[in-house]
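Per-entry structural report
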Amino acid sequence: ELNFNDLEKKMYEFMCKTGCFLLKLILEHRDKEILRNRDKKKYRHKGYKRDCIKTIMGEVEYTRSIYELKEGESKRYVFLLNEEIEISKVGKITANLSEKIIGVACENSYRVSAQNISKLTQQSISHEGVRRVVLEIGQKILNKEKEKAELYKDQKLVAGSKETPALFEESDGLWISLQ
């Protein structure tokens, strides 16, 4: 028996799995291009490392190259793929999924938010996971504000140069005359 709601859910799940698979292929293909075109004197290939990143479509497991970078006498290890495509994440959670979590967590408890995120995305997350994301994003915002406050205190904050011919302020869709 065909039920539209079940069909819609199965189609959504299928498309998310397909999206995760395509994202894995794209990431691994780009990593191979970086491996071929890197500065071989500067970056020494040290093998591959598996990683898993949580997206709004689900978990994407992929393999990426790790490189040894020598700077003088010190060595450090880098993932050129991450640097090139600027994967921004909170732990293993992408920025897009973090935004969804923050948006839902602003209106509900952590437990209800976790349930809603699990229903809306192909990602299972606990209430503690939601709390951790909220705290980590909040800490990043706090650090940015402190940095701006320090710049302002040191008078290094540059004033804007945008000039507007008119400035309007609205309240409940009504125009308020300037006083």
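Located above this text is the structure these notes cover.
Residues numbered from 1 in each chain as written. Predicted model: local features only at pLDDT ≥ 70, side-chain atom pairs only at ≥ 80, totals over all residues. Heavy atoms only, no water.

**Some thoughts on the nonpolar core**
Core analysis: the biggest nonpolar cluster contains 13 residues, and Y43, Y62, Y67 and L80 have the highest contact counts within it. When residues of this core are traced back to their parent elements, those giving at least two are α1 (4–37), β1 (43–54), β2 (59–71) and α2 (80–85). Once you skip the residues sitting within four places of it in the chain, L80 turns out to touch I34, R38, Y43 and Y67. Judged by nonpolar contacts, the second largest core, of ten residues, contains I93, V104, A114 and V133. (Core = buried A, V, L, I, M, F, W, Y, C linked by side-chain atoms within 4.5 Å. Buried < 20%, exposed > 50% of the residue type's maximum accessible area, 1.4 Å probe, protein only. Helix = DSSP H or I, 4+ residues; strand = E, 2+ residues; numbered from the N terminus. Contact = heavy atoms within 4.5 Å.)

**Thoughts on α1**
With 34 residues, α1 should cover 50 Å at 1.5 Å per step; its first-to-last C-alpha distance of 49 Å lies within 8% of that length. Turning to α1, its buried residues number three or more, namely C16, G19, C20, L27, E28, D31, I34 and L35. Looking at the buried positions of α1, the neighbouring elements they touch are β1, β2 and α2. Two or three places before N5, at the opening of α1, N3 has a side-chain oxygen 3.0 Å from that residue's backbone nitrogen. (Expected span 1.5 Å × (residues − 1). Polar contact = N/O pair within 3.5 Å; in protein donor to acceptor, adjacent residues only side chain to side chain.)

**Some details on the pattern of salt bridges**
Across all of its chains, the model carries 14 salt bridges by this definition. The shortest N-O distance in the salt bridge between R76 and E71 comes to 3.4 Å. Given the relative accessible area of 38%, R76 is considered partly exposed. A residue is classified by how much of its surface remains accessible, and E71, at 41% relative accessible area, is partly exposed. In this structure, R131 and E128 form a salt bridge, with 3.1 Å as the shortest nitrogen-oxygen distance. Placement of the pair is R131 and E128 together in helix α5 (residues 127–153), with a separation of three residues, close to one helical turn. On the basis of relative accessible area, E128 is assigned to the partly exposed category, the value being 41%. Look at the salt bridges and you will find they share partners, linking R30, E33 and E84 into a network. (Salt bridge = Lys/Arg side-chain N within 4 Å of Asp/Glu carboxyl O.)

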